[in-house]
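# Examining the three-dimensional arrangement
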Amino acid sequence: MIYDCVIIGGGLAGLTCGIRCAEEGLRTVVISGGMNSLHFSSGSIDLAGFTENGSVVKKPFEHIKNNAAKKKDHPYTKVGIPAIRKSLDYFKEKVSDEGITLNHNSDFNHFHVTAIGAVKPTYLSQESVFSSRGKDIIKSGAKIAILNFKGFRDYYPEQTAANLKEHPLFKNSELMLGDISLPYYLHTEKNLHEFRSTDIARIFETERYLPRIADEIKRAAGDADAVSLPAFIGINNYREIRGKLEAMTGKFIYEIPTLPPSILGLRIDHAVKNSFFKHGGEYIAGKKIESSVIKKGIVESIITGSRGTSSEIKAKYYVLASGSFFSGGLQSGVSSISEPVFDLKVKGDSKRSKWYSWNFFDKKSHPFLSYGVETDSSFNPSTQDGKTVKNLFCAGSVLAGYNPVKEGCGGGVAISTGYKCAERIIREIKK
Amino acid sequence: MIKLENISFDHCIKCTVCTIYCPVAQATHLFPGPKQSGPDAERLRIKNPELVDASLKYCTNCKRCEIACPSDVKIAEIIQNAKWKYVKVHWFRPRDFFMSRTDLVGGLATIFSGLTNFIINLKVMKVLMHLFLNIPYSRKFPAYQRGTFTGLYKKKFMQSQKVYEKRAVFYHGCFVNYNNHSLGEDLIKVMNALGYGVDLVDEKCCGVPLIANGYIEKAKKNAQYNIDSLGKTGDAVIVSTSSSCSFALMHEYPSFLELDNSSYIDRLDYITKFIYDEFTAGNIPQMKAVGIRAAYHSPCHLERMGGVIYTLGVLKMVPGLDLVVLNSECCGIAGTYGFKKENYEISQGVGQNLFRLIEKAEPEFVVTDCETCTMQIEMNTKYKVLHPVTLIAMALEEKNKGKK
Ligand SMILES: Cc1cc2nc3c(=O)[nH]c(=O)nc-3n(C[C@H](O)[C@H](O)[C@H](O)COP(=O)(O)OP(=O)(O)OC[C@H]3O[C@@H](n4cnc5c(N)ncnc54)[C@H](O)[C@@H]3O)c2cc1C
Ligand code: SF4
Ligand code: SF4
């Protein structure tokens with residue numbers, strides 16, 4: 001009983017790869033330690049947001065194409081423009097089957113507001129963040145009410161308002177701030193500020209309080225045409241809820257991600273996981289891969305657990321999609337950077353002082369963000385002795401050669417490399 | 001004092017992901033959730049044990065928070081520790097005492113099984129239990145069987161097991177011993193088909209219900225008894241059909257109870273892991289198509305052990321089994337938790353998602369590894385629940401019997 005494909009890491013990269021493999025009928029399992037970084041993300045997929053000198057990219061595909069010659073080691077260069085496009089279309093279709101629509105501004109980036117109120121370019125967003133209707137409303141210079149729920153601590157509307165005011169896109173808009181309160185809270189022992197976004201989302205999901213919430217919004221937003229709310233209006237059935245709220249209030253409803261847990265990211269996480277299950281994939285949660293056996297450039301097995309409870313898992317092909325430092329895909333010692341499962345060759349500085357910039361918000365970002373596993377143009381990595389590992393592929397933020405923050409490209413790299421690895425495995429197996 | 005090995009709370013990055021996935025926090029606002037009750041409050045409790053608050057009792061120890069945590073914080077363990085280790089429990093609590101003594105109560109009940117089953121489900125008895133023992137009126141109790149599985153084994157199986165050269169010790173646990181002999185019989189059938197003779201050794205309740213009810217010292221005694229007994233079994237493999245007993249024998253003894261189980265840890269497996277390894281090594285008995293559509297529910301503790309992969313692996317080898325794998329949801333019973341009046345509504349609330357998924361899957365049977373999940377599902381849906389081992393036993397061809 002050997003799997004066709006074992007994927008280590010259940011994030012955007014691993015699951016995109018998994019969906020594609022399972023759809024092709026390969027026996028596929030995703031094994032993941034803790035939850036992925038979608039839980040902390042904005043839920044928008046960045047493709048290419050910033051140029052080398054930090055200015056905003058208008059047309060991401062054009063930017064990628066122009067950079068390809070300069071950046072031979074960039075994952076995008078290895079995937080190639082046609083496959084990047086195909087992977088994003090594929091991804092959009094799969095999450096749409098699970099009830100999440102992702103919109104884009106034809107070939108242009110659009111702006112979204114992040115959890116700390118920054119206005120940033122991105123490529124794919126949920127319809128509450130980007131839609132042609134929303135675009136028209138902003139263009140028309142409409143009045144926008146930025147609302148928060150009274151007592152909710154994981155969101156700062158003042159910051160959002162301050163940043164929007166400075167942004168050229170909103171120069172014609174009139175912005176106002178306001179608070180709403182939820183009737184539900186009158187009947188609970190819990191303190192208002194103890195509620196996290198997920199608690200509130202669950203209250204929205206019951207739909208019991210919608211009419212009263214709509215009244216609150218109308219009261220707080222006055223004659224504004226559009227209302228922004230922290231993203232907590234439901235996880236699974238948010239589309240119906242948003243539709244109902246828009247109908248009840250007669251206002252356009254926009255969502256801004258909150259501090260983690262981020263509901264916008266959670267929706268994408270649930271959608272890709274459901275899609276993976278639907279295509280027959282197996283998902284093993286809470287299990288860390290500790291080590292592996294590699295012989296003659298071929299992975300023979302991977303090993304989980306510690307003494308007495310350890311076990312080997314075997315597959316024809318392996319995908320390493322274990323994320324970056326944050327998710328444990330990469331590790332740092334006192335003066336070394338390593339990849340813990342296969343001990344693959346990594347690219348990074350051995351001098352600790354070179355890993356980061358002293359300025360936390362440095363525009364050039366921190367060098368460690370571009371560290372990762374080195375691979376050849378087929379995403380096969382090599383072991384420390386320089387030998388290529390042929391039945392192992394790497395995808396997502398474990399890869400070297402790009403800086404997701406500085407370039408604004410994390411989601412796009414994860415999806416396109418995950419997809420590309422799947423295509424390679426499918427081709428090998430069907431040979 | 002802070003023990004260095006117990007500072008996993010310090011790895012917490014305050015992301016609240018654990019709380020999203022806590023089924024109890026979802027069902028009730030009375031429980032602040034794993035982040036707040038675990039790593040957050042632990043910092044305070046270390047300084048002042050009086051800060052242990054009553055809401056900790058809502059945690060079912062399902063460990064879903066630990067599965068979700070990206071920073072490997074042992075959240076449920078922190079909560080269990082806080083529940084019982086800071087406050088010593090001295091007073092006698094009749095309900096918790098009896099509920100946690102599954103072997104004592106089971107031993108008595110099986111002697112008078114007919115009578116027990118009759119009484120325990122009598123209306124008047126239920127009212128009395130509700131009033132005096134705080135056991136919810138609407139709870140159905142597992143039926144007790146006549147006699148014990150150990151007794152049955154001696155009478156019916158001991159002799160026939162001698163012909164096998166390879167030996168396996170079966171840790172049967174309380175449920176097989178008192179409530180479900182046929183699962184024990186199925187286990188013997190499957191092990192024999194794989195060429196193993198089955199032995200039983202002296203054992204006591206694994207301690208899971210004792211830990212859940214705060215009888216830590218008693219749990220330690222039981223654990224030491226089992227460690228001594230299982231440690232003496234040479235190089236025989238040891239299997240258990242209960243995901244929760246396995247979890248305790250493998251993980252809770254060394255980590256929570258701080259006992260050394262190295263004498264057997266390399267030889268013990270939850271049964272589907274054992275069968276999976278045998279199947280993978282090519283030892284696959286003849287099986288016929290079962291022709292069944294079943295929905296699989298993964299128990300929380302098996303998920304925490306990372307054992308679901310093996311149960312699924314084995315089930316996928318059963319011919320003619322149309323398997324629907326249900327999304328991972330907690331059933332809400334959590335051992336003795338759901339049997340208590342104060343938890344009943346929460347327990348049922350937690351289980352709603354799972355019950356809905358089962359109904360939607362329209363199976364003929366539900367399959368799961370855990371005995372209390374089985375009770376909860378049978379009480380709340382119209383389906384009969386099978387253990388994976390029973391399913392394999394159903395698929396075995398008669399002719400395997402001769403295989404030695
Ligand atoms: C906080 C944060 C916010 C971000 N926000 C955005 C955003 O808004 N938009 C955007 O486009 N990009 C964002 N990014 C960039 C992000 O890196 C990518 O978008 C993408 O989500 C990365 O996906 P991944 O699959 O490579 O890794 P991850 O999502 O990190 O997943 C890796 C998974 O592997 C598991 N794992 C690690 N090691 C092991 C092991 N040994 N065994 C088993 N499992 C293991 C981890 O538990 C984790 O679940 C963000 C990144 C971070 C860290
Ligand atoms: S063990 Fe289960 S009930 Fe307890 S805090 Fe964790 S997720 Fe919640
Ligand atoms: S999931 Fe882990 S890191 Fe996050 S808040 Fe919970 S315990 Fe802390």
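Residues numbered from 1 in each chain as written. Chains lettered and ligands numbered in written order. Predicted model: local features only at pLDDT ≥ 70, side-chain atom pairs only at ≥ 80, totals over all residues. Heavy atoms only, no water.

### Details of the overall build of chain B
Spelled out, the test is: Numbering goes from the N terminus for both helices and strands, where a helix is a DSSP run of H or I of at least four residues and a strand is a run of E of at least two. Residue burial is assigned from relative accessible area. The probe radius is 1.4 Å, only protein chains are included, and a residue is buried under 20% of its type maximum, exposed over 50%, and partly exposed in between. Should any heavy atoms of two residues lie within 4.5 Å, those residues are considered in contact. Computed with a 1.4 Å probe, the accessible areas rest on the Shrake-Rupley method; for each residue, only the protein chains presented here act as cover.
Scanning chain B for helices and strands turns up 21 helices and 8 strands. A buried classification covers 59% of the 404 residues belonging to chain B. Pairs at least 24 residues apart make up 76% of the contacts formed inside chain B by residues separated by at least 6 positions. On chain B, roughly 16,800 Å² of surface is accessible, and the fraction owed to carbon and sulfur atoms is 58%.

### Observations concerning the interface of chain B and chain A
Selection rule: Note: buried area is the sum, over both parts, of the accessible area (probe 1.4 Å) each one loses when the two are combined. The term salt bridge refers to a side-chain nitrogen of Lys or Arg lying within 4 Å of a carboxyl oxygen of Asp or Glu. In the analysis that follows, any N or O atom pair within 3.5 Å is treated as a polar contact, provided that within protein one partner can donate a hydrogen and the other can accept it, and provided that, for residues neighboring in sequence, both atoms belong to side chains.
Residue-level contacts link 36 residues of chain B with 38 residues of chain A. Both sides together, the interface formed by chain B and chain A hides about 3,100 Å², and carbon and sulfur atoms give 58% of it. Of all residues in chain B, the largest losses of buried area upon contact with chain A belong to Ile20, His29 and Ile309 of chain B, amounting jointly to 22% of the total for that side. Where chain B touches chain A, the interface holds 1 salt bridge. Our enumeration of links across chain B and chain A arrives at 6 residue pairs in polar contact (both at pLDDT 80 or more).

### Some thoughts on the domain arrangement of chain B
Residues and elements named next belong to chain B. Applicable threshold: Where a domain begins and ends is set by an automatic assignment or by a domain database.
For chain B, the assigned domains are domain 1 (4-86), domain 2 (94-133), domain 3 (149-280) and domain 4 (292-395). Placing the centre of domain 3 and that of domain 4 at their C-alpha centroids yields a distance of 21 Å. Every contact between the two is made by 25 residues of domain 3 and, on the other side, 23 residues of domain 4. Carbon and sulfur atoms make up 73% of the area that domain 3 and domain 4 hide from each other, which totals about 2,100 Å². Linking domain 3 with domain 4 are 0 salt bridges, by the criterion used here. Scanning the region where domain 3 abuts domain 4 turns up 8 residue pairs in polar contact (both at pLDDT 80 or more). Put simply, the parts of the chain that give the side of domain 3 that touches domain 4 at least two residues each are α12 (181-193), α13 (208-212), α15 (243-255) and α16 (271-280). Looking at the side of domain 3 that touches domain 4, the element that brings in the most residues is α15, giving 7 residues.

### Observations concerning the side chain of His39 of chain A
Turning to its location among the elements, His39 of chain A is positioned in the loop between β2 (28-32) and α2 (60-68). Within polar-contact distance, the side chain of His39 of chain A engages the side chain of Asn36 of chain A at 3.1 Å. A polar atom in the side chain of His39 of chain A sits 2.7 Å from the side chain of Tyr21 of chain B. Dropping the residues within four chain positions of it, His39 of chain A is found in contact with Pro260, Pro261, Ser262, Leu266 and Asp269 of chain A together with Val17, Ile20 and Tyr21 of chain B.

### Structural notes on unusual backbone geometry
Residues and elements named next belong to chain A. Across the junction of Pro260 and Pro261, the peptide omega takes the value -5°, indicating a cis bond. Here Pro261 is to be found in the loop between β10 (252-256) and α10 (263-278). Its identity as a non-glycine residue notwithstanding, Glu207 has a phi of 65°, on the positive side. In the Ramachandran plot, Lys296 falls in the positive-phi region, its phi being about 50° despite a non-glycine side chain.

### Focus on the site of ligand 2
Residues and elements named next belong to chain B. We count it as follows: Nearness is judged by heavy atoms alone; a residue qualifies as near a molecule or strand once a single heavy atom is within 4 Å of it. Gly is put with the polar residues, along with every residue not named as nonpolar or charged; the nonpolar set is Ala, Val, Leu, Ile, Met, Phe, Trp, Tyr, Cys and Pro, and the charged set is Asp, Glu, Lys and Arg.
Neighbouring ligand 2 are 14 residues, the closest being Cys22, Cys59, Cys62, Lys63 and Cys65. Mapped onto the shell around ligand 2, the elements with two or more residues apiece are α2 (23-27), α4 (64-68) and α5 (75-85). Residue classes in the shell around ligand 2 are distributed as 10 nonpolar, 2 polar and 2 charged.

### What about helix α18 (residues 308-315) of chain B?
Structurally, the α-helix is built with 3.6 residues per turn, so residues lying three or four positions apart point the same way. By the criterion of burial, α18 of chain B is predominantly enclosed, with 8 of the 8 residues buried. Taken together, the buried positions of α18 of chain B are Val308, Ile309, Tyr310, Thr311, Leu312, Gly313, Val314 and Leu315 of chain B.

### Things to note about the pattern of salt bridges
All names here are of chain A. Applying the stated criterion to the full structure yields 38 salt bridges over all chains. Linking Glu423 and Arg20 is a salt bridge whose minimum nitrogen-to-oxygen distance equals 2.6 Å. Residue Glu423 is found in helix α12 (residues 410-430), and its partner Arg20 is found in helix α1 (residues 12-23); the two are separated by 403 residues along the sequence. Overall, Glu423 belongs to the partly exposed group, its relative accessible area being 25%. For the salt bridge of Lys59 with Glu62, the shortest nitrogen-to-oxygen distance reads 3.8 Å. Here Lys59 falls in the partly exposed class, since its relative accessible area comes to 31%. Bridged by salt links that share partners, the residues Arg20, Glu23, Glu24, Lys94, Glu423 and Lys430 form one connected network.

### Considering the site of ligand 3
Taken together, 13 residues form the shell around ligand 3, and within it Cys12, Cys15, Thr16, Cys18 and Cys69 of chain B come nearest. Of the residues that constitute the shell around ligand 3, the class distribution is 9 nonpolar, 2 polar and 2 charged.

### Let's talk about the environment of Glu359 of chain B
Residue and element names in this part refer to chain B. Mapped onto the secondary structure, Glu359 falls in helix α19 (residues 344-361). Put simply, Glu359 and Ile392 are 33 residues apart on the chain and 24 Å apart in space, counted from C-alpha to C-alpha. Aside from chain neighbours lying at most four places away, what touches Glu359 is Thr381, Lys382 and Tyr383. One polar contact links Glu359 to Lys382, side chain to side chain, over a distance of 3.2 Å.

### Quick look at the domain arrangement of chain A
Residues and elements named next belong to chain A. Assigned domains of chain A: these are domain 1 (2-99 + 267-430) and domain 2 (116-258). Once you take the C-alpha centre of each, domain 1 and domain 2 turn out to be 33 Å apart. Taking both partners together, domain 1 and domain 2 bury about 1,400 Å²; carbon and sulfur atoms supply 59% of that area. Ranking the residues of domain 1 by area buried against domain 2 places Ser44, Ile45 and Arg267 at the top, with a combined share of 40%. Counting across the domain 1 and domain 2 interface gives 1 salt bridge. One salt bridge connects Glu255 with Arg267, and the closest N-O pair in it is separated by 2.9 Å. At the surface where domain 1 touches domain 2, the tally comes to 9 residue pairs in polar contact (both at pLDDT 80 or more). When residues of the side of domain 1 that touches domain 2 are traced back to their parent elements, those giving at least two are α2, α4 (81-97) and α10. Residue composition of the side of domain 1 that touches domain 2, by class: 8 nonpolar, 6 polar and 3 charged.

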